[in-house]
Structures are given as structure tokens and as C-alpha cells.
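Now for the letters of each chain:
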Amino acid sequence: MKTIVLIPARYGSTRFPGKPLALIQGLPMIQHVYQRALACGEVNEISIATDDERIIRCVQGFGGRAILTGKGHPSGTDRIAEAAEILGTADDDIIVNIQGDQPLFHPSLIPALVEPLRRDRDLPMSTLKCRIEDPEELSNPNHVKVVTDSKGHALYFSRSPIPFFRDDTSHWEHYKHIGIYAYRMSFLRTFTRLPVGRLESAEKLEQLRALEYGYRIKVVETAHDSIEVDTPADIGKVEKLMSHSDS
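Values in this document were obtained by computation on a predicted structure and should not be read as measured data.

## Points about the packing of aromatic side chains
Then step 1. Applying the stated rule across the entire model yields five aromatic pairs.
Then step 2. Relative to Tyr215, the ring of Phe187 has its centre 4.8 Å away and its plane inclined at 55 degrees; by these criteria the two rings are tilted. Here the residue Phe187 occupies a position in helix H6 (residues 185-191), and Tyr215 occupies one in the loop between helix H8 (207-212) and strand S11 (217-221), the gap between them amounting to 28 residues.
Then step 3. Looking at Phe187, the relative accessible area reads 5%, which means it is buried.
Then step 4. Across from the ring centre of Tyr11, 3.7 Å away, lies the NZ or CZ of Arg54, which sits over that ring.
Then step 5. Directly above the aromatic system of Tyr175 lies the positively charged group of Lys129, at a separation of 4.1 Å from the ring centroid.

What follows is the structure, encoded as C-alpha cells:
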């Protein structure tokens, strides 16, 4: 059973064209993501899955491995599924999906994600959550919220604040979903062939497809948040955070 990190990186972002190649402290963003994955010693392989030759050349330039995939994928999950097939991944291998726009993710998140799948061979996938400390994040639909059962399996993901505290809100506790996933390869293949469900269509959250079709998702709590770069303005925020961490 191998652990394979696949990083989807699409060139043609609507809000930020060429985003994976945007420079952060002088290095392409995709290189920051790759290097953080490389810092985790429990990974067997790391590859960038992309639709663009410019990203391929960039990755090869810093010594990384890149896989050219089709351009028509509706999501990063579909892109890494094609890349995993190209690699000849075994059914029991674990695929870790780290978005190419998360240059600040903590390397310790990878083993935290993988451990539940190694412990439970029947578990199809896992993801992460961290406690919301800023009330503004709770009302922001760009920050996805998650609720879990007593065993840490996802009950629901939503852009709305969940759960709703009807009475006492003085001790509220909410969790933000961090969009990094681990899949067993056999399930990744199944997942990408499932039709889009009503919940996914409503919230525009593809992880809801797994729940709607009855599959378990283990949600691991972490203290490490992971900031996504959505627009060019986010580059400055990331560089500031990197400077603080280096000081």
C-alpha cells in the first residue's frame, strides 16, 4: 500500500489565470505546494496533474514530476483520477489530493489524513477540519463548514453555518472544512463515476456526492489551517504569513 500525493493544477482559472505559476517570494506557487508535500517523509510518490505544458515545464524545471491530463475535467478530483490511472496505481494505494493553490499547508496534514485509511481498510476517504475561531468565517460561504458524528465521520458539509444553535450561543463550536482529501484508489475510481447528486448541485461541494450515495468520510481534526489562493490579492497575504513564520 503506497501513499501517492497528486496535486491538481489547472492553468485556466477564471478568477486567476495562470495561478499555479504565480510567484510567491520568488518561487512559483506550485513549487511551494510540491516542496511542502516533499517535506512529509511518509509519502512514496508526488506528482503534479495538469492540463498545460507551461506548468509541465515549470515543474520539470524545479525537479518535480508532472503528468499531462485532459483539459475537460470538471474538477481537480477528476484530474487526479486520470493521473492515478496513468501511473497504474493499485486499488489499495492511498491517493492524497492537495490543491495546487494551498502553498501554506502543513506537511503533518498528510500523515494525519492517511492514518485512518491505513487503520480501517474499509474506509473509502478522509478529509480535515479545524475549529473556527473567527466569527466572520462562520458567515462566509467561501469557508465550508462541517459537522460529524460521534466517531468523527462527516454528517454534512455546508456553506451555511452548521449546526444552528437555537438557544444558547455562548459556547458555540463550529468547524471549518479544509479541502485536502485522501482516497483509496478503488474508491476514487468509483467516486468519479457517480452522478452528481442534488446536495452537490445545491452547495457546489463535490464531497457531498460521497455522502449522498452512502459512503463514509472520516474527518480528522487539526490545529493547522490551510489558506487557499483564489485571487491575485491573496498572494500578498500569503507572502506576509510566510514572512512572519520565517521571523
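## Points about the pairing of S11
Then step 1. Most of S11 sits inside the fold, with four of its five residues counted as buried.
Then step 2. Note: strand S7 (residues 125-131) against S11, five bridges, orientation parallel. By the bridge assignment, Ser126 is partnered in S11 with Lys218.

## Remarks on the environment of Val146
Then step 1. You can see Val146 is positioned in strand S8 (residues 145-148).
Then step 2. Taking the C-alpha atoms as reference points, Val146 and Arg198, 52 residues apart in sequence, are found 18 Å from one another.
Then step 3. Among all residues touching Val146, those that are not within four sequence positions of it are Lys129, Ala154, Tyr156, Phe157, Ile162, Tyr175, Lys176, His177 and Val219.

## Some thoughts on the state of the cysteines
Then step 1. Counted under the stated rule, the structure contains zero disulfides.
Then step 2. Take Cys130: it sits in no disulfide, and the sulfur closest to it among the cysteines is that of Cys40, at 19 Å.
Then step 3. For Cys130, a relative accessible area of 5% translates into the label buried.

## Observations concerning the nonpolar core
The tendency in soluble globular proteins is for nonpolar side chains to be buried as a group.
Then step 1. One finds Val5, Val96, Ile98, Ile110 and Ile180 to be the most contacted residues of the largest nonpolar core, which totals 30 residues.
Then step 2. The biggest single contributor to this core is helix H4 (residues 109-119), with five residues.
Then step 3. If near-sequence neighbours (up to four positions away) are discounted, Val5 is found in contact with Ala37, Val43, Glu45, Ile46, Ser47, Val96, Ile98 and Ile110.
Then step 4. Of all hydrophobic cores here, the second largest spans 28 residues; its members include Ala81, Leu211, Ile217 and Val219.

## With respect to the pattern of salt bridges
Then step 1. In the structure shown here, the tally under the stated rule is 15 salt bridges.
Then step 2. Asp52 serves as the salt-bridge partner of Arg54, at 2.8 Å between the closest nitrogen and oxygen.
Then step 3. For Arg54, a relative accessible area of 39% gives the class partly exposed.
Then step 4. Arg216 is the salt-bridge partner of Asp120, the closest N and O atoms lying 3.1 Å from each other. Of this pair, Asp120 sits in the loop between H4 and S7 while Arg216 sits in the loop between H8 and S11; the two residues are 96 residues apart in sequence, bridging distant segments of the chain.
Then step 5. Residue Arg216 is classed as partly exposed on the basis of its relative accessible area of 32%.
Then step 6. One continuous salt-bridge network, built from bridges that share partners, spans Lys2, Glu45 and Arg65.

## Side note on helix H3 (residues 76-87)
Each turn of an α-helix holds 3.6 residues, which means side chains three or four residues apart point in the same direction.
Then step 1. Under the 1.5 Å per step criterion, the end-to-end length of H3 is 16 Å for twelve residues, consistent within 8% with the ideal 16 Å.
Then step 2. Here H3 has its buried residues at Thr77, Asp78, Arg79, Ile80, Ala81, Ala83 and Ala84.
Then step 3. Elements that come into contact with the buried residues of H3 comprise strand S1 (3-9), strand S4 (45-50), strand S5 (66-68), strand S6 (94-97), strand S10 (175-184) and H6.
Then step 4. Just downstream of H3, Gly88 is the residue with a positive phi angle, here 70 degrees.

## Details of helix H2 (residues 53-61)
Then step 1. Looking only at H2, the buried set comprises Ile55, Ile56, Cys58 and Val59. Along the axis of H2, the buried positions cluster into a sector of 165 degrees, meaning they face one direction only. Of the residues in H2, the exposed ones pointing more than 90 degrees away from the buried face are Arg57, Gln60 and Gly61.
Then step 2. Where the residues of H2 are buried, they touch S1, strand S3 (27-28), helix H1 (29-38), S4 and S5.
Then step 3. Phi turns positive, to about 90 degrees, at Gly63, one or two residues after H2.

Here is what the cut-offs are and how they apply
- Here the residue numbers are simple positions, counted from 1 along each chain's written sequence.
- Per-residue local features of the predicted model are confined to residues with pLDDT of at least 70, and side-chain atom pairs are confined, for both listing and counting, to 80 or more; whole-chain, interface and lining totals are unaffected and use all residues.
- Hydrogens and waters are ignored; side-chain quantities use all the structure's heavy atoms.
- Only Phe, Tyr and Trp rings take part, Trp by its six-membered ring, and two of them pair if their centres are within 6.5 Å. Stacked means planes under 30 degrees apart, edge-to-face means over 60, and tilted covers everything else.
- In this text, helices come from DSSP runs of H or I with a minimum length of four residues, and strands from runs of E with a minimum of two, each type numbered from the N-terminal end.
- Burial classes follow relative accessibility: with a 1.4 Å probe on protein chains only, a residue under 20% of its type's maximum area counts as buried, one over 50% as exposed, and anything between as partly exposed.
- For a lysine, the NZ atom is tested; for an arginine, the CZ atom; a charge sits over a ring if that atom is within 6 Å of the ring centre and within 35 degrees of the ring normal.
- When DSSP finds at least two bridges between two strands, those strands are taken to pair.
- Between two residues, a contact is recorded if the distance between any of their heavy atoms is within 4.5 Å.
- Disulfide assignment relies on a single distance test, namely cysteine sulfur atoms paired within 2.5 Å.
- Buried Ala, Val, Leu, Ile, Met, Phe, Trp, Tyr and Cys residues that are joined via side-chain atoms within 4.5 Å together make up what is termed a nonpolar core.
- Salt-bridge detection follows one rule: a side-chain nitrogen of Lys or Arg within 4 Å of a carboxyl oxygen of Asp or Glu.
- Any helix carries an expected span of 1.5 Å times its number of residues minus one.
- Regarding the arc, it is the one traced by the directions from the helix axis to the C-beta atoms.

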